[in-house]
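Notes for the structure review
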Amino acid sequence: MDIVVFDNVTKAYRSGEVTVDALRDVTLRIPEKSFTALVGPSGSGKTTALNLIGCLDQPTRGTLTVAGQAMAGMSRRQGAAFRGAHLGFVFQDFSLLPVLSVYENVEYPLRMIRRMSKKACRPEVTRLLASVGMEDQADKYPAQLSGGQKQRTAVARALVGQPALVLADEPTANLDGQTAQKVIALMKRMRDEFGTTFVFSTHDPRIMEQAEVLFHLEDGRLVDTQAAPGEVDR
Amino acid sequence: MMDILGLAFKNLLRYKRRSLLTGLLITVGVVAVIVFVGLSGAFKEAIVGQITDAVLSHLQVHRRGYMASIDNLPLDRMIPAAAYKRLEGVLQANPAVTAYSPRIKFAAMLSNYAQTTNVRLNGIDPAKETAAVPLLPSRVRHAAEPGRLLQPGEVLLPEVLTRGMEIKTGDTIVLVANNKDGSVNGMTFTVAGEVESLMGPGGRDGYLHIDDAAALLRMETMEISEVAVRVKDFDGLQAIADGLEAALADMKTPRDTPLFELHTWEALSPFYNVVRMIDLMALGIQVILIALVLISVLNVMMMSVYERVREIGTLAAMGTSPGRILSLFVAEGFSLGLVSALVGSALGMGALYVCNLVGVQVAFGRAGQLFTLLPRIAFGEVVLTCLIVLAVSVLASLQPAAKAARLEPVEALRHV
Ligand SMILES: Nc1ncnc2c1ncn2[C@@H]1O[C@H](COP(=O)(O)OP(=O)(O)OP(=O)(O)O)[C@@H](O)[C@H]1O
Ligand SMILES: [Mg+2]
């Protein structure tokens, strides 16, 4: 099963007179439970592709299906509901809420989006904090954490509520090489543990090596697809 | 719900100085409203109390048509003895009425054997009058005998006359008056004291015993000019007046028109306008508070949204619904208003309490009499002020919050 299906997707941005095709006729499939990377030089369309998958933007042409749902004609509220139910996000700059503790940040999607009670959230939040190794930092605030700790918290937040798909736009760009490796390894372990599909973008060749499926974008076009043995038809 | 408020509080504390300053501004506004309403209410009470307790009493009953020409104190529009009896019955039967005092009002010539002048007089029953206007005894100076207001054969003269004519307590004077048929009668009286002048109708009248008034006017049966009525519950005055009016309605003249007319102090005194002015000023200061809250909350919330565009993008991307984002920001404005209103109410009531301890005094009246104000505010009024602050805070947050909810996540995330 493929969790993401791009079928001749074009995304054009118009700024004034000029239109820029950020993605041109991209057709690709991302297998379920895969550890997938979008790579390519700056401006190649990685963020654009992730935004489309993340239901944050809509294709100009072509069809895009995510988790069996066509990404077209959704209202803002429907989009938000879809993201809240099926997707998790990890951001380059971590984007933790500074006023909330590590625990509360991870709890946020369950409390504020799924509207669960504090008590009902506790087991899952605790389990995820343990999984990412942040259980003893639960009461700290983002400002008191290192970059790696912040991103581990963000990964836990993305995974809470068991989304089918986690999207991460350059999740390691603000981390040093070693920490970046650890965060990627953590994400992969989470994929193994929870069976969540991970799609991330990166410039870093050493991070790319960790991916099982690699889509190379250049100037908005898909120029190469690489898959670890057995991945594409998994 | 509690969680949204909790998050809102945390976000407010994030910009401590700014929230503090805005909160302080609102707090000061709330304190100003409470102190002003408390003080002006007390001032109003003092004025109204002075007017009603010293001269007018709470309401007055006249024969219909009397009020229209009250300035010349007509003797041909009096309440006849029989009608007064029935009126007394109605007043006695009404549990809301605590006292009433019949008065014979007339103008007379006063002579101290050296000079002659005009004087407006009230024939009263001292006990009834004191019950209806309890401050009257306190207006009497140089009394012949302390604690005694008046007895038959005595007269209390307004200070404007005693000063000008150099009349002293114990002096003998002559009062000459026309009765309603036009015949003239004169009697001598002993001056029992002088009555301090007050602003407003009846504030410069003299007093004598009602029996003397009837004798001077050669009344065969006693006729009454007006009946001053005091009620138990001043705040319920209008309802009591309406009740009395209904009870009196079936007393008719031979021509089948109502015999009596009834006026509350509001219709009798020009000070009612002063009181209304004070109320208007209280309203004005409330409007200023509303503007203050509106502008300061709007300002602080607009800044909040602008500074947190990226964060809003993150929340929206994660799937926070637009409605939830809206409520997060509205809750922030609400919390700011709530804390400020509560602190302001506490400080404002504290300030009133201190005023009561210290005793704020104001001078009022021509005599410059000092009143100690007892400022207080109804709890409902405080609650209302808080509710206004809360409602306006929410209103002011709505626009910035809607702006936050409308942000496109992609654009918000690109924002630096
Ligand atoms: N909102 C937008 N309006 C106009 N042009 C845009 C917009 N977003 C992206 N683009 C353009 O689309 C192209 C692809 O941008 P995108 O951000 O997807 O690249 P990227 O691969 O993520 O690059 P980077 O590695 O620098 O993040 C670029 O030429 C960019 O200028
Ligand atoms: Mg990018």
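Residues numbered from 1 in each chain as written. Chains lettered and ligands numbered in written order. Predicted model: local features only at pLDDT ≥ 70, side-chain atom pairs only at ≥ 80, totals over all residues. Heavy atoms only, no water.

Let us look at the overall build of chain B. Looking only at helices and strands, chain B features 14 helices and 12 strands. Split into buried and exposed, the 416 residues of chain B put 51% on the buried side. When the accessible surface of chain B is summed, it comes to about 19,000 Å², and 62% of that surface belongs to carbon and sulfur atoms. Between the mean site of the 36 positive side-chain charges and the mean site of the 37 negative ones, chain B shows a separation of 9 Å. (Helix = DSSP H or I, 4+ residues; strand = E, 2+ residues; numbered from the N terminus. Buried < 20%, exposed > 50% of the residue type's maximum accessible area, 1.4 Å probe, protein only. Areas by Shrake-Rupley, 256 points an atom, 1.4 Å probe, with all protein chains shown as cover. Lys, Arg positive; Asp, Glu negative; His and termini not counted. Charge placed at Lys NZ, Arg CZ, Asp CG, Glu CD.)

Attention shifts here to the pairing of strand E10 (residues 221–227) of chain A. Residues and elements named next belong to chain A. In terms of strand pairing, strand E9 (residues 213–218) meets E10 through 6 bridges, oriented antiparallel. Looking across to E10, one finds that Leu 217 is bridged to Leu 222. Here E9 folds back onto E10, and the loop between the two strands holds 2 residues, one of which, Asp 219, carries a positive phi near 50°. (Pairing = 2+ DSSP bridges.)

Every contact between the two is made by 23 residues of chain A and, on the other side, 26 residues of chain B. When the buried surface of chain A facing chain B is broken down by residue, Arg 76, Val 99 and Met 112 of chain A rank first, second and third, together holding 28% of it. One can count 4 salt bridges joining chain A with chain B. Of the charged contacts in the structure, one is a salt bridge between Asp 3 of chain B and Arg 111 of chain A, with a shortest N-O distance of 2.4 Å. Counting every contact that joins chain A to chain B gives 11 residue pairs in polar contact (both at pLDDT 80 or more). Counting only elements with at least two residues in the side of chain A that touches chain B, the list comes to helix H2 (76–86) and helix H3 (102–113) of chain A. Broken down by class, the residue content of the side of chain A that touches chain B amounts to 11 nonpolar, 3 polar and 9 charged. (Contact = heavy atoms within 4.5 Å. Buried area = accessible area lost by both parts, 1.4 Å probe. Salt bridge = Lys/Arg side-chain N within 4 Å of Asp/Glu carboxyl O. Polar contact = N/O pair within 3.5 Å; in protein donor to acceptor, adjacent residues only side chain to side chain. Nonpolar A, V, L, I, M, F, W, Y, C, P; charged D, E, K, R; others polar.)

One can read the domain layout of chain B as domain 1 (2–51 + 273–414) and domain 2 (65–258). For domain 1 of chain B and domain 2 of chain B, the distance between their C-alpha centres works out to 51 Å. (Domains from an automatic or database assignment.)

A word on the nonpolar core. With 61 residues, the main nonpolar core has Ile 104, Phe 106, Leu 175 and Val 227 of chain B as its most contacted residues. Shared between two domains, this core takes at least three residues from each, and those domains are domain 1 (2–51 + 273–414) and domain 2 (65–258) of chain B. By size, the runner-up hydrophobic cluster in this structure holds 43 residues, among which are Met 112 of chain A together with Ala 8, Val 33 and Ala 404 of chain B. (Core = buried A, V, L, I, M, F, W, Y, C linked by side-chain atoms within 4.5 Å.)

A word on the environment of His 62 of chain B. Residue and element names in this part refer to chain B. Residue position: His 62 is located in strand E1 (residues 59–63). Look at His 62 and you get buried, because its relative accessible area is 0%. The spacing of His 62 and Glu 226 is 164 residues in sequence and 4.8 Å in space, taken between C-alpha atoms. Filtering out sequence-adjacent residues up to four positions away, His 62 remains in contact with Met 67, Ile 70, Ile 79, Ser 225, Glu 226, Leu 259, Phe 260, Glu 261 and His 263.

Okay, the sheet that holds strand E3 (residues 35–39) of chain A next. Residue and element names in this part refer to chain A. Spatially, the 6 strands line up as an open sheet ordered E6-E7-E8-E3-E9-E10, and their pairing is mixed. Across the chains shown, the open sheet's two edge strands, defined by having one partner strand only, are strand E6 (87–90) and E10. Sheet twist, expressed as the average angle between the axes of neighbouring strands with direction ignored, equals 20°. Relative to strand E8 (residues 197–202), strand E7 (residues 165–169) is paired through 5 bridges, and the arrangement is parallel. When the bridges of E8 are listed, Leu 167 appears paired with Val 199. Contacts from helix H5 (residues 147–159) reach E6, E7 and E8 within the one sheet, and its direction differs from that of E6 by about 170°. Set on the sheet, helix H6 (residues 177–194) makes contact with E3, E7 and E8; between it and E8 the angle comes to about 160°. (Axes fitted to C-alpha atoms, helices over the stretch in contact; angles between N-to-C directions.)

The next point concerns the packing of helix H10 (residues 271–307) of chain B against helix H12 (residues 322–358) of chain B. Residues and elements named next belong to chain B. Following both chains from N to C, one finds H10 and H12 inclined at 140°, their axes separated by 10 Å at the closest point. Viewed along their axes, H10 and H12 adopt a mutual orientation that is oblique. Every pair of crossing elements has a handedness; the one defined by H10 and H12 is right-handed. Two secondary-structure elements touch here, H10 through Val 297, Val 300, Met 301, Ser 304 and Val 305 and H12 through Phe 329, Glu 332, Gly 333 and Leu 336. Of the residues contributing to the contact of H10 with H12, the split by class is 6 nonpolar, 2 polar and 1 charged. (Parallel < 35°, antiparallel > 145°, perpendicular 65-115°, else oblique. Left-handed = near helix turned anticlockwise from the far one by under 90°.)

The subject of this paragraph is unusual backbone geometry. Residues and elements named next belong to chain A. Despite not being glycine, Asn 8 has its phi angle at roughly 50°, a positive value. Mapped onto the fold, Asn 8 is located in strand E1 (residues 2–15). Asn 8 gets classed as partly exposed once you look at its relative accessible area, which sits at 40%. Even without being a glycine, Arg 115 presents a positive backbone phi close to 55°. Inspection of the secondary structure puts Arg 115 in the loop between H3 and helix H4 (118–131).

Before going further, it helps to spend a moment on the sheet that holds strand E4 (residues 61–66) of chain A. Within a sheet, each strand pairs with its neighbour through backbone hydrogen bonds, oriented either parallel or antiparallel. Residue and element names in this part refer to chain A. Spatially, the 4 strands line up as an open sheet ordered E2-E1-E4-E5, and their pairing is antiparallel. For this open sheet the edge positions go to strand E2 (18–31) and strand E5 (69–70), each flanked by a neighbour on one side alone. Here 5 bridges tie E1 to E4, and the two strands are oriented antiparallel to one another. Across the sheet, residue Val 5 finds its bridge partner in E4, namely Thr 65.

Residue and element names in this part refer to chain B. Scanning the entire structure with this criterion turns up 34 salt bridges over all chains. Ionic pairing is found between Glu 145 and Arg 148, a salt bridge with its closest N-O pair at 2.9 Å. Glu 145 sits in the partly exposed class, given a relative accessible area of 42%. Classification of Arg 148 by relative accessible area gives partly exposed; the value is 23%. The salt bridge partner of Glu 332 is Arg 308, with a shortest N-O separation of 2.8 Å.

Further remarks concern the packing of aromatic side chains. Scanning the model with the defined rule gives 5 aromatic pairs over all chains in all. Taken together, a centroid distance of 5.8 Å and an interplanar angle of 50° make the contact between Phe 35 of chain A and Phe 198 of chain A tilted. Taken as a pair, Phe 35 of chain A in strand E3 and Phe 198 of chain A in strand E8 lie far apart in primary sequence, 163 residues in all. Taking the relative accessible area as the measure of exposure, Phe 198 of chain A reaches 0% and is therefore buried. Joined through ring pairs, the aromatic side chains of Phe 35, Phe 198 and Phe 200 of chain A make up one cluster. Taking the ring centre of Tyr 15 of chain B as reference, the NZ or CZ of Arg 18 of chain B above it sits at 4.2 Å. (Phe/Tyr/Trp six-rings, centres within 6.5 Å; stacked < 30°, edge-to-face > 60°. Lys NZ or Arg CZ within 6 Å of the ring centre and 35° of its normal.)

In the numbering adopted here, UniProt assigns the feature "domain: MacB-like periplasmic core" (unreviewed entry) to residues 19–246 of chain B. Here residues 19–246 of chain B is 38% helix and 29% strand, with 57 Å between the C-alpha atoms at its ends. (UniProt positions renumbered as here; feature names shortened; annotations may be inferred.)

In this section: the site of ligand 1. Taken together, 13 residues surround ligand 1, and among them Ser 42, Gly 43, Lys 46, Thr 47 and Thr 48 of chain A come closest. More than a single chain frames ligand 1: its nearby residues are located in chains A and B. Within the backbone of Gly 43 of chain A, an N or O atom sits 2.8 Å from an oxygen atom of ligand 1. At a separation of 3.2 Å, an oxygen atom of ligand 1 approaches a polar backbone atom of Ser 44 of chain A. When residues in the shell around ligand 1 are grouped by element, the largest group, 3 residues, is from helix H1 (residues 46–53) of chain A. (Near = heavy atom within 4 Å.)

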